[in-house]
Structure formats: C-alpha cells, structure tokens
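# Residue-level structure breakdown
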Amino acid sequence: MGNGKLAIVTGASTGIGFEIAHLAAQDGYDLLVVADEPLINNAADDFKRHGTQVTSIEADLATFEGNDQLLAAANGRPIDVLVAKAGRGLGRAFVDQDVADWRRVIDTNVTGTTYLLQKVAQQMQARNEGKILITGSIAGLIPGAYQAVYNGTKAYLDSFSYALREELRDTDITVTVLMPGPTETEFFDRADMMDTKVGVDKKEDPAATAKNGWEAMNAGSGHVVSGWMNKLQAAISHITPDSVLAHRHTMMAEPGTAKESSNADQ
C-alpha cells in the first residue's frame, strides 16, 4: 500500500541504488528511478512488485539536460525523498586516463549531482519538508592513488553533504551522507579495476549498505559509515598522514595488485 509520497532514486539500475529503491517501495513510496542505461527499465519492473507506482527513465545525469529530464518526469509532484546515488568510477593512473573519461566522472559525481541537489533542495525548502540521502564514500577520506579523480569527487560529496545539512539546520529537511567502502557491485568492473586487489577482494553486500543508508536517512542522521571494517578505516584515516594513506591506496588500487595478492595467499 502506497503512502502517497514520491522518492527519486538515481543510479537505481544496479547495486546500492537498486537496493535502496526496493527499500523505498517497501516503505510505500512511489518511485521515480533513473540510470544512464536501459537496464533501469528492467529494474523498475522488479520494484513494481511492492505495489507502488514506479516510473523509470533513461537519462544522462552527467548533464544538466539529463537532470532536467528527470525532474520533468515528476510531473510537478512534490519530491519527498531524493537518493542521489548515481556515480561513476575510474581506475588506473591519472596521467594515463583519457580526458573524456575523467571529465565524465566529475560531470556525473560532482556537477550533475550538485545541480540535481540544488533543484530538489529548493523545492523542499519551499515546502519545508524532505529527506536527502547522498552517496559519498570513505574513499573521500583517502587520497586515492590510482583512483585520484574518483576519490576527489567523493571528498567533495562528503564535504558538500555536511555543509548543506548545516545550511538547512533550521528547516524540516534532513541531509544524510552514506559513506560505504568497497561494495559488491558492478563498480569495479566498470571502472576497469578487476586487476587490482580491491577489485577482487571480498566486499560488502550492497543490500546491507543500502539498509544502513536508508535507516540513517529516516533517523535524520548526518552520516553513516557502512560496515565495521569501513568504520575502522574511516577512524584511522583521521589520524594517519595523507602521504601514508595514498601509499596504502596504491597497494590495493594499482593495476596488477590482484595478482600480487593472489600470489601472497599461496
């Protein structure tokens, strides 16, 4: 049974976004889900089994036009929940990356997300009501050697989330940042990182990560680090020199470290 409210979930075709969309529908929210691939329509069919209205669109959220297309699909309905999950990863050495590839990471994770957040926050502020869940990452706490641009974008989102929350402190709008660590999704394959230690190591269940984020948002929490190992890593990052963190990141994200890890286990 629906609750009459609308939740937008970006990046809902797979992984954490897919799992959060299920949780939203289970809680009675009508869904507007979006991704930049046709798979979003198949995901929408799965969400419909919860008995709420589901609308899916394929749009490029790296562009203002794609975000405007998403907002137009709400057909003027108030947006009660925004889950800003859409993101793009990119591995390998920065000097070897194509400009088009690293720019797309920034346009998706930073520019497009910021634009969408402003548009939705303006609507929520006019009603003095709403919940926002932004997917940052513990990667934003660590200088990401061999993921330099990606980690930089997550540092931006982590910081931006706290700042926006502070600006909205006197309203009934909450802003929560979900900070997962490595999660068992298509992320590492799409980021060309399957020859790295972090790409092949065991990772957190996206359903568990989604549940932690959804519950934190509903509780009005400022942030949640998902998983006890990630909580430990986040705590360590605050007291470890950045140069050491960057070197540790090399050990798990440099191409070829998957093979080194496999040999070490033998």
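To be clear, the structure that these remarks concern was listed above.
Throughout what follows, the structure given in this document is the object of discussion. Keep in mind it's a predicted model, so treat the numbers as computed, not measured.

Right, let's talk about empty space enclosed by the protein for a bit. Summed over all chains, the structure comprises one cavity of 30 Å³ or more. What the largest cavity holds in volume is close to 50 Å³. Taken together, T10, L61, N67, A84, A86, T108, G112, T113 and L116 make up the lining of the largest cavity. With four residues, helix α4 (residues 99–127) is the largest single contributor of residues to the lining of the largest cavity.

Okay, the environment of T10 next. Here T10 shows up in strand β1 (residues 6–10). The spatial distance from the C-alpha of T10 to the C-alpha of N67 is 9.9 Å, given a sequence separation of 57 residues. The contact partners of T10, leaving out residues within four places of it in the chain, are V34, L61, L70, V83, A84, K85, A86 and L116.

Considering only enclosed or pocket space, the second largest pocket measures out at about 200 Å³ in volume. Along its surface, the second largest pocket is lined by T114, L117, Q118, A121, Q122, Q125, F160, A163, L164, E167 and L168. Of all elements in the fold, only α4 and α5 (148–167) reach the threshold of two or more residues within the lining of the second largest pocket. The residue makeup of the lining of the second largest pocket, split by class, is six nonpolar, four polar and one charged.

About the criteria used
- Residues numbered from 1 in each chain as written.
- Predicted model: local features only at pLDDT ≥ 70, side-chain atom pairs only at ≥ 80, totals over all residues.
- Heavy atoms only, no water.
- 1 Å grid on protein atoms, 1.4 Å probe; cavity = no way out; pocket = protein on both sides within 12 Å on 5 of 7 lines; lining within 4 Å.
- Points joined across faces, edges and corners; volume = space filled by probe spheres on them.
- Helix = DSSP H or I, 4+ residues; strand = E, 2+ residues; numbered from the N terminus.
- Contact = heavy atoms within 4.5 Å.
- Nonpolar A, V, L, I, M, F, W, Y, C, P; charged D, E, K, R; others polar.

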